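# An overview of the molecular structure
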4 protein chains.
Amino acid sequence: MALNPPLNRKLRMGLVGGGPGSLIGPVHGIAAEFEHRCTMVAGAFSSNPERSRQAAPSYGVDESRTYGSYEALLDGESRLPEGERIDFLSIATPNHTHFEIAKAAVEAGFNVVCDKPLTLDLAEAEALLETVENSDVVFALTHNYTGYPMIRQAREMIQAGEFGKINATRCQYIQGWLADTSEDDNGTLAAWRTDPAKSGAAGTFGDIATHAFQLGRYVTGALPESVSCHLKTFVPGRQLDDYGTAVIRYQEGALGIVTASQVTHGRENDLELEVDGTLGSLKWRQESPNELVVRRKGQPHQIYTRSPGTGTMTPLAEASSRLPAGHPEGFYEAFANLYNAVFDDIARRASGSPFERRDTVYPNVYDGVEGMMFIEQCVASSESDAAWMPLSYPAARQ
Amino acid sequence: MALNPPLNRKLRMGLVGGGPGSLIGPVHGIAAEFEHRCTMVAGAFSSNPERSRQAAPSYGVDESRTYGSYEALLDGESRLPEGERIDFLSIATPNHTHFEIAKAAVEAGFNVVCDKPLTLDLAEAEALLETVENSDVVFALTHNYTGYPMIRQAREMIQAGEFGKINATRCQYIQGWLADTSEDDNGTLAAWRTDPAKSGAAGTFGDIATHAFQLGRYVTGALPESVSCHLKTFVPGRQLDDYGTAVIRYQEGALGIVTASQVTHGRENDLELEVDGTLGSLKWRQESPNELVVRRKGQPHQIYTRSPGTGTMTPLAEASSRLPAGHPEGFYEAFANLYNAVFDDIARRASGSPFERRDTVYPNVYDGVEGMMFIEQCVASSESDAAWMPLSYPAARQ
Amino acid sequence: MALNPPLNRKLRMGLVGGGPGSLIGPVHGIAAEFEHRCTMVAGAFSSNPERSRQAAPSYGVDESRTYGSYEALLDGESRLPEGERIDFLSIATPNHTHFEIAKAAVEAGFNVVCDKPLTLDLAEAEALLETVENSDVVFALTHNYTGYPMIRQAREMIQAGEFGKINATRCQYIQGWLADTSEDDNGTLAAWRTDPAKSGAAGTFGDIATHAFQLGRYVTGALPESVSCHLKTFVPGRQLDDYGTAVIRYQEGALGIVTASQVTHGRENDLELEVDGTLGSLKWRQESPNELVVRRKGQPHQIYTRSPGTGTMTPLAEASSRLPAGHPEGFYEAFANLYNAVFDDIARRASGSPFERRDTVYPNVYDGVEGMMFIEQCVASSESDAAWMPLSYPAARQ
Amino acid sequence: MALNPPLNRKLRMGLVGGGPGSLIGPVHGIAAEFEHRCTMVAGAFSSNPERSRQAAPSYGVDESRTYGSYEALLDGESRLPEGERIDFLSIATPNHTHFEIAKAAVEAGFNVVCDKPLTLDLAEAEALLETVENSDVVFALTHNYTGYPMIRQAREMIQAGEFGKINATRCQYIQGWLADTSEDDNGTLAAWRTDPAKSGAAGTFGDIATHAFQLGRYVTGALPESVSCHLKTFVPGRQLDDYGTAVIRYQEGALGIVTASQVTHGRENDLELEVDGTLGSLKWRQESPNELVVRRKGQPHQIYTRSPGTGTMTPLAEASSRLPAGHPEGFYEAFANLYNAVFDDIARRASGSPFERRDTVYPNVYDGVEGMMFIEQCVASSESDAAWMPLSYPAARQ
């Protein structure tokens with residue numbers, strides 16, 4: 001039971017963002033340390049040094065390695081001996097800051113785990129991709145829903161041909177927390193998400209439709225060709241979309257639909273994926289993540305569950321499970337699965353072993369660029385009366 | 001407990017279609033007679049006289065009033081004394097015959113209950129509308145899902161303003177029975193549905209997307225403005241669409257989505273409606289028809305059930321319920337609710353009372369024309385790269 | 001498509017009970033006439049002649065055959081020519097009147113469909129059994145839940161050995177409509193059910209636990225040996241139990257549990273059956289009656305649905321289905337299935353063909369006696385500190 | 001954001017058990033360190049020193065504090081300076097060893113977190129209680145299901161009187177993993193659980209029915225009076241029960257049912273609790289832990305969800321939640337909630353503050369003694385033909 005073989009030691013983590021009031025910062029901390037494979041040792045939790053210091057104890061980070069800016073962190077850590085400095089940097093800041101932080105970290109040689117969306121716009125994303133390709137770092141993007149075992153099972157079953165040719169995907173991501181508030185009274189989480197300067201060209205579509213789009217891509221491997229999109233802003237005074245639907249044509253003839261809402265009263269985090277193939281269909285809901293419903297004409301409906309050791313799971317899905325069937329694993333565990341796959345590659349890099357950069361288990365910079373293209377083309381389409389916009393990205397994973 | 005007040009007698013029903021192997025013919029018979037308010041007394045169950053005679057006993061129709069064609073039926077019944085002849089004619093034949101049968105019946109002065117879609121194309125539909133408007137008959141269209149109590153509850157709650165302004169509808173109608181068959185080997189039900197000469201310009205979209213479109217219209221009252229549609233034919237060799245999605249812009253700014261499939265393996269009859277309003281959201285599934293999920297931000301999720309006598313139901317929904325909560329009512333009962341509302345108007349007409357013709361409880365000829373416009377514009381849009389097509393019909397109900 | 005072969009005619013039905021305000025009377029009328037195999041032609045809807053006359057029109061029964069008492073009905077019908085008189089009598093009256101009505105009907109040679117429980121007590125039940133055995137009539141008892149297709153599927157799968165040896169059954173029947181009312185203010189339905197003189201020795205246990213017990217018996221065929229029971233009366237002032245649980249030892253070693261409540265707030269008609277066998281387990285809920293969940297270790301969970309024509313249904317289950325999968329059939333349809341099986345035997349008797357009397361598709365007088373024994377032994381056990389009471393009935397079906 | 005105020009430091013954890021192949025050992029490690037409030041610094045992971053050393057790296061424990069026995073651990077840690085030695089010891093070993101380890105740890109002054117059941121038998125449990133009462137340590141028992149936020153919400157709502165007087169509880173705990181195996185071929189987890197010398201007098205009832213019993217006690221506070229129990233062993237050759245049901249009479253008149261199975265094919269970890277009160281009823285299922293269904297007569301069904309910040313949660317439930325609604329928290333998070341409450345008391349003790357010992361948020365030694373009494377009386381009842389056995393424990397929490 002070596003840790004991060006062949007390294008046989010815990011990895012050292014740095015975090016940018018995650019200051020007081022942050023939702024996703026603590027998620028990174030919990031998920032990364034979940035199975036004791038890493039320890040957070042450094043952080044720039046806020047661009048306000050005082051607030052950064054306040055946050056440090058809850059992450060267990062020592063004051064000596066609590067920084068007041070990401071620049072200071074990168075500088076400070078780079079000066080430490082190789083055996084002490086961080087192995088990777090996680091970025092949990094608002095969208096508009098991802099680019100500069102990630103670029104600097106990669107250029108300093110640090111592996112990066114970056115929140116989605118990758119950057120503020122596609123131009124930044126393509127520039128970052130170039131930076132990553134010119135480096136040898138591990139670069140992951142936290143489309144965390146790919147970490148769910150049953151999503152990985154769906155992917156592996158499709159890859160094995162169990163559903164035949166893919167005809168259609170239907171993906172809905174429905175929330176309601178922005179249903180009736182203007183941004184003024186809704187606190188930190190809402191504030192930057194609905195500000196174009198910080199969030200990017202899209203609101204709901206940048207925040208959650210990208211997850212939905214990417215999930216369909218990850219599970220089916222189908223390559224998109226073009227998109228037609230309708231964005232709506234239903235809450236008066238809001239600057240960005242809070243609802244929308246996109247129709248996607250895939251290169252092999254499949255038809256995809258992505259609908260996202262943050263204004264549907266009372267809906268929580270209802271990401272749902274349906275895939276139709278010529279040999280079967282599947283359905284998965286993030287709010288019941290341990291189940292995957294599989295149907296084939298002429299057979300009873302089948303519910304596959306996360307149930308390691310029973311013989312019903314595919315290899316990666318099984319390896320992504322900890323507890324026996326019926327012991328619910330949830331959001332943190334999926335996030336930890338993403339981190340674990342990243343750690344495998346970080347250990348490979350650290351030990352000089354080769355590692356895959358495009359078709360990785362975890363979402364990466366290529367997925368990130370594709371996601372930014374999706375956002376931009378959706379916005380462009382919506383502004384052109386839902387005209388078709390190209391959505392083919394040459395370097396995309398299959 | 002008078003029957004069909006003020007008539008105080010059972011109504012007399014005639015049926016065209018419903019011969020051996022028919023699915024929907026027997027449904028009409030069961031639903032219409034459900035609560036003993038009518039008796040089927042005449043039928044032209046097939047255009048083959050021998051087959052028509054074979055079917056008669058299972059409907060309890062006497063040989064003397066079993067006809068070999070709809071013309072013979074209308075002729076024969078018209079000759080009978082008023083106190084014996086049928087009160088209404090139900091039409092359960094393939095789409096391409098609806099027009100001529102319905103037109104003739106209306107012109108002969110008979111009330112009509114017609115299967116959807118109304119006709120083979122929009123031109124026919126508009127001609128039929130004119131015929132109906134020039135008559136004084138009761139004319140109903142069997143968009144039977146409007147008969148479900150919880151659909152009626154949703155409509156009444158929305159009409160009462162409980163959901164505020166409607167922002168969005170999402171309606172999916174997913175089946176799988178045409179997933180892997182070509183028409184040759186799939187028997188009667190599939191055969192005419194996939195033949196353009198009998199089904200009309202659309203396959204799945206004519207067969208079931210019209211239900212979905214109409215259901216959203218019925219529940220919300222929102223008036224459509226334009227539609228963009230993508231139709232697909234996934235099964236090789238099929239002549240008509242078996243999958244598609246339509247985006248609908250409503251006049252007041254709402255956005256609607258209708259997706260329909262008949263090729264999703266193992267899915268049964270999964271018609272699902274979601275409505276977002278500024279004050280709440282709702283969700284209903286035809287496969288669990290006795291439940292209506294209502295959500296409002298800051299409150300627990302609420303499940304309204306068909307539960308007469310408990311104080312939670314709206315008036316029409318309560319009146320459309322028979323059994324106490326938890327005693328499942330299903331497809332037949334909803335269909336019977338539609339018939340019961342038609343019977344109320346037939347009795348009104350027969351007794352010289354006025355009755356509503358446009359905003360009826362049951363779907364009617366106006367809904368039928370609108371449905372045909374929906375089909376034609378969806379096909380036209382799909383053939384024009386999903387261009388926007390007008391979908392505003394001046395005489396539509398609100 | 002002959003009707004009731006070989007008779008080739010509709011059957012003639014008489015009804016006792018079902019007057020104004022009755023729940024179950026109209027259910028009998030709708031279910032029996034569901035598929036046009038019979039017509040109600042006579043009724044004694046109330047022991048109050050005026051109320052009996054009031055009810056007649058809603059059943060479509062002519063005034064000339066509307067009687068003021070069951071005695072008058074039996075007398076009047078017996079005097080009619082064989083080709084006019086009723087073929088069978090349905091009994092939908094309070095429990096304490098079942099015995100005398102059923103006995104008189106059987107002795108007059110009429111087939112009988114009797115509401116459950118069979119009689120007021122076991123002594124009456126055994127006397128009635130003797131009467132039936134000395135006759136040649138068809139006698140059915142409306143444990144209507146046995147009419148659900150998926151219950152019949154469960155039974156057939158168990159009979160075919162697909163679940164191996166039966167180890168355990170768990171059956172809950174949970175309602176809430178008597179949660180907070182005393183009998184005075186709850187109207188007709190509650191009044192007689194909570195009056196020992198009319199309901200019998202048990203309240204909730206006589207009303208619904210008998211259904212649960214019988215359902216387990218019907219599905220598994222396991223023969224009971226003894227019972228230990230705890231009854232409770234939670235609503236102050238109530239005379240009979242409104243809650244209870246019984247543990248049942250079966251002769252082959254299986255253990256059964258039956259729990260029933262009518263005081264669980266908000267629960268509707270939640271009859272749930274679970275069966276454990278050595279090769280698999282199953283679960284069925286009356287509120288989702290078209291599904292049967294089957295599980296086997298090492299396999300995905302399977303949901304069998306009512307889906308005729310797809311190859312997944314057992315013969316009797318398939319024959320008990322009308323509509324394609326996903327078109328919900330409910331309470332009435334199950335009740336109609338029970339009637340249809342009775343009609344088959346009535347037609348056999350009328351045409352001189354032999355018919356099974358004990359192991360019938362529908363519950364019968366033997367099941368009724370066993371049910372009365374269950375009630376009496378549960379009450380006796382409960383009064384003796386839950387002591388074990390014998391529950392083996394020699395003539396029980398297997 | 002101080003850590004473990006007023007201590008302002010991470011706590012130091014020791015673990016006994018959790019060696020290679022252990023399920024529950026890693027759960028303790030993950031749950032305890034979940035939010036960085038403690039670090040595991042010492043362990044005796046196996047009584048085989050070599051295996052103990054193998055396990056250490058996966059817990060992040062240094063070789064210098066990896067011990068070959070619990071005695072060595074207690075001895076070694078006691079010799080360390082107060083500022084280095086462990087703050088508490090978690091015990092994750094088979095049942096028969098709990099007593100000696102816990103007793104020694106308490107006597108050495110260490111706080112203890114012990115797996116359930118508390119000991120091998122009631123005599124040991126009472127002896128351990130005396131030891132704990134004579135000490136000043138914090139002592140917790142890992143009935144981990146009490147850590148779920150919605151269980152805590154149920155408890156707080158009942159304590160606030162929202163359900164009125166409690167009439168009944170129904171608790172099922174159904175698994176299937178022992179359905180078809182004899183102990184020989186089922187590996188470590190099954191082996192000791194089915195060996196009376198290691199598991200105690202009961203198999204399934206000791207392993208999981210105790211959870212179910214305790215959960216009802218925790219949520220309702222109702223005090224038991226007596227129990228009647230039926231245990232079964234369905235798998236041939238097994239020495240202990242693998243199925244059973246217990247009926248419990250509570251002192252205030254409520255009736256409880258606990259049914260547990262480990263032989264129900266395909267069922268996973270289906271712990272379900274229903275509570276009936278005079279003002280409402282509730283239902284919760286461990287496999288959908290983020291939901292609590294609440295019903296009141298005359299109102300729509302309500303589903304409360306784990307949804308911090310929305311105003312629908314009770315205080316402790318809200319404080320036990322991390323993520324927004326719809327982001328599933330599961331088994332680990334509930335386990336971590338239990339640990340967090342223990343840490344609060346450990347910090348209080350360490351800083352000399354008073355802390356509650358009986359009515360704690362987490363299950364404790366009093367609950368443990370009551371659980372052992374439950375097991376022993378169930379076994380005794382089952383051996384006496386389900387006779388009633390007293391189940392009142394004077395020191396039980398309310």
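In this report, the structure presented in the accompanying data block is examined.

Parameters at a glance
- Residues numbered from 1 in each chain as written.
- Chains lettered and ligands numbered in written order.
- Predicted model: local features only at pLDDT ≥ 70, side-chain atom pairs only at ≥ 80, totals over all residues.
- Heavy atoms only, no water.
- Helix = DSSP H or I, 4+ residues; strand = E, 2+ residues; numbered from the N terminus.
- Rg over C-alpha atoms; globule rule 2.2 N^0.38 Å.
- Contact = heavy atoms within 4.5 Å.
- Areas by Shrake-Rupley, 256 points an atom, 1.4 Å probe, with all protein chains shown as cover.
- Lys, Arg positive; Asp, Glu negative; His and termini not counted.
- Charge placed at Lys NZ, Arg CZ, Asp CG, Glu CD.
- Least-squares fit on C-alpha atoms with pLDDT ≥ 70 in both.
- Buried area = accessible area lost by both parts, 1.4 Å probe.
- Salt bridge = Lys/Arg side-chain N within 4 Å of Asp/Glu carboxyl O.
- Polar contact = N/O pair within 3.5 Å; in protein donor to acceptor, adjacent residues only side chain to side chain.
- Expected span 1.5 Å × (residues − 1).
- Buried < 20%, exposed > 50% of the residue type's maximum accessible area, 1.4 Å probe, protein only.
- Pairing = 2+ DSSP bridges.
- Right-handed = clockwise from strand over helix to strand, strands pointing away.
- Phe/Tyr/Trp six-rings, centres within 6.5 Å; stacked < 30°, edge-to-face > 60°.
- Lys NZ or Arg CZ within 6 Å of the ring centre and 35° of its normal.
- Nonpolar A, V, L, I, M, F, W, Y, C, P; charged D, E, K, R; others polar.

### Points about the overall build of chain A
Within chain A one finds 12 helices and 14 strands. For 398 residues, the compact-globule estimate of 2.2 N^0.38 gives 21 Å, and chain A sits close to it at 21 Å. Oriented by its inertia axes, the alpha-carbon framework of chain A measures out at about 60 × 55 × 40 Å. Restricting to contacts in chain A with at least 6 residues of sequence separation, those with at least 24 account for 69%. When the accessible area of chain A is evaluated, it comes to approximately 12400 Å², of which 48% is carbon and sulfur surface. For chain A, the distance from the average position of its 34 positive side-chain charges to the average position of its 51 negative side-chain charges is 5 Å.

### So, the relation of the copies chain D and chain B
Mapping one chain copy onto the other needs a rotation about an axis and a shift along that axis. Mapping chain D onto chain B is achieved by rotating through 180° and translating by 0.0 Å along the same axis, at an RMSD of 0.0 Å. The superposition of one copy onto the other is thereby described by a two-fold rotation axis. For chain D, the minimum C-alpha distance to the rotation axis belongs to Q302 of chain D and amounts to 2.4 Å. Same-surface contact between copies: 100% of interface residues of chain D are shared with the interface of chain B.

### Topic: the interface of chain D and chain C
With 43 residues of chain D in contact, the opposing surface of chain C contributes 43 residues. Where chain D abuts chain C, roughly 3600 Å² becomes buried across the two surfaces, and 51% of that area is made up of carbon and sulfur atoms. For the pair chain D and chain C, the interface holds 6 salt bridges. Of the charged contacts, one joins E274 of chain C and R267 of chain D as a salt bridge, the two residues approaching to 3.4 Å between their closest N and O atoms. Counting across the interface, chain D meets chain C through 24 residue pairs in polar contact (both at pLDDT 80 or more). Every element with two or more residues in the side of chain D that touches chain C is listed here: β6 (166–174), β7 (224–232), β8 (243–250), β9 (255–261), β10 (270–277) and β11 (281–285) of chain D. If you tally residues by element for the side of chain D that touches chain C, the top one is β6 of chain D, at 6 residues.

### Some words on helix α9 (residues 204–220) of chain D
Helix length check: α9 of chain D, at 17 residues, gives a terminal C-alpha distance of 23 Å against a target of 24 Å (1.5 Å per residue), a fit within 8%. Burial of α9 of chain D is extensive: 17 of the 17 residues sit out of reach of the surface.

### Section: the pairing of strand β1 (residues 11–17) of chain A
Residue and element names in this part refer to chain A. Of all 7 residues that make up β1, 7 are buried, and the element is covered over most of its length. Relative to strand β2 (residues 38–44), β1 runs parallel, the two being bridged by 6 bridges. The residue of β2 that forms the bridge with L11 is C38. Taken together, β1, helix α1 (residues 24–33) and β2 form a β-α-β motif whose crossover is right-handed. Pairing of β1 with strand β3 (residues 88–92), which is carried by 5 bridges, proceeds in the parallel orientation.

### What about the packing of aromatic side chains?
Counting across every chain of the model gives 62 aromatic pairs over all chains. Judged by centre distance (6.0 Å) and plane angle (70°), the rings of Y145 of chain A and F331 of chain A are edge-to-face. Residue Y145 of chain A is found in the loop between β5 (139–141) and α6 (149–159), and its partner F331 of chain A is found in helix α11 (residues 331–350); the two are separated by 186 residues along the sequence. For Y145 of chain A, a relative accessible area of 4% puts it in the buried group. With relative accessibility at 5%, the residue F331 of chain A sits in the buried group. Between F213 of chain C and F374 of chain C the ring centres are 4.3 Å apart and the planes differ by 5°, which places this aromatic pair in the stacked class. With a gap of 161 residues between them, F213 of chain C in helix α9 (residues 204–220) and F374 of chain C in helix α12 (residues 365–383) connect regions that are remote in the sequence. Assigned by exposure class, F213 of chain C and F374 of chain C land together as buried. The ring of Y366 of chain C is capped by R358 of chain C, whose NZ or CZ atom sits 4.4 Å from the centre of that ring.

### Observations concerning the pairing of strand β13 (residues 301–305) of chain A
Residue and element names in this part refer to chain A. Taken across its 5 residues, β13 has 5 buried, putting it largely inside the fold. In β13, alternate side chains face the same way, and those of H301, I303 and T305 on one face and Q302 and Y304 on the other are all buried. Pairing between strand β12 (residues 291–295) and β13: 4 bridges, direction antiparallel. Paired with E291 across the bridge in β13 is T305. Between β12 and β13, which pair antiparallel in sequence order, lie 5 residues; one of them, G298, sits at a positive phi of approximately 85°.

### Describing the pattern of salt bridges
All names here are of chain C. Under the criterion given, the structure shown has 112 salt bridges over all chains. Taking the shortest distance from any N to any O, the salt bridge between R349 and D136 comes out at 2.9 Å. Separated by 213 residues along the polypeptide, R349 in helix α11 (residues 331–350) and D136 in the loop between α5 (122–133) and β5 (139–141) bring together distant segments of the chain. The partly exposed category is assigned to D136, whose relative accessible area is 48%. The shortest N-O distance in the salt bridge between D270 and R285 comes to 3.0 Å. Separated by 15 residues along the polypeptide, D270 in strand β10 (residues 270–277) and R285 in strand β11 (residues 281–285) bring together distant segments of the chain. The class of D270 is buried, set by a relative accessible area of 5%.

### What about the interface of chain D and chain B?
Contact with chain D, which involves 10 residues of that partner, is made by 10 residues of chain B. Between chain D and chain B, a total of about 860 Å² is buried, with carbon and sulfur atoms accounting for 64% of that surface. It is P300, H301 and I303 of chain D that lose the most area in chain D upon contact with chain B, and together they represent 55% of the buried surface on that side. The interface formed by chain D and chain B contains 2 residue pairs in polar contact (both at pLDDT 80 or more). Partitioning the side of chain D that touches chain B into residue classes produces 3 nonpolar, 7 polar and no charged.

Purely geometric numbers; function is a separate question.
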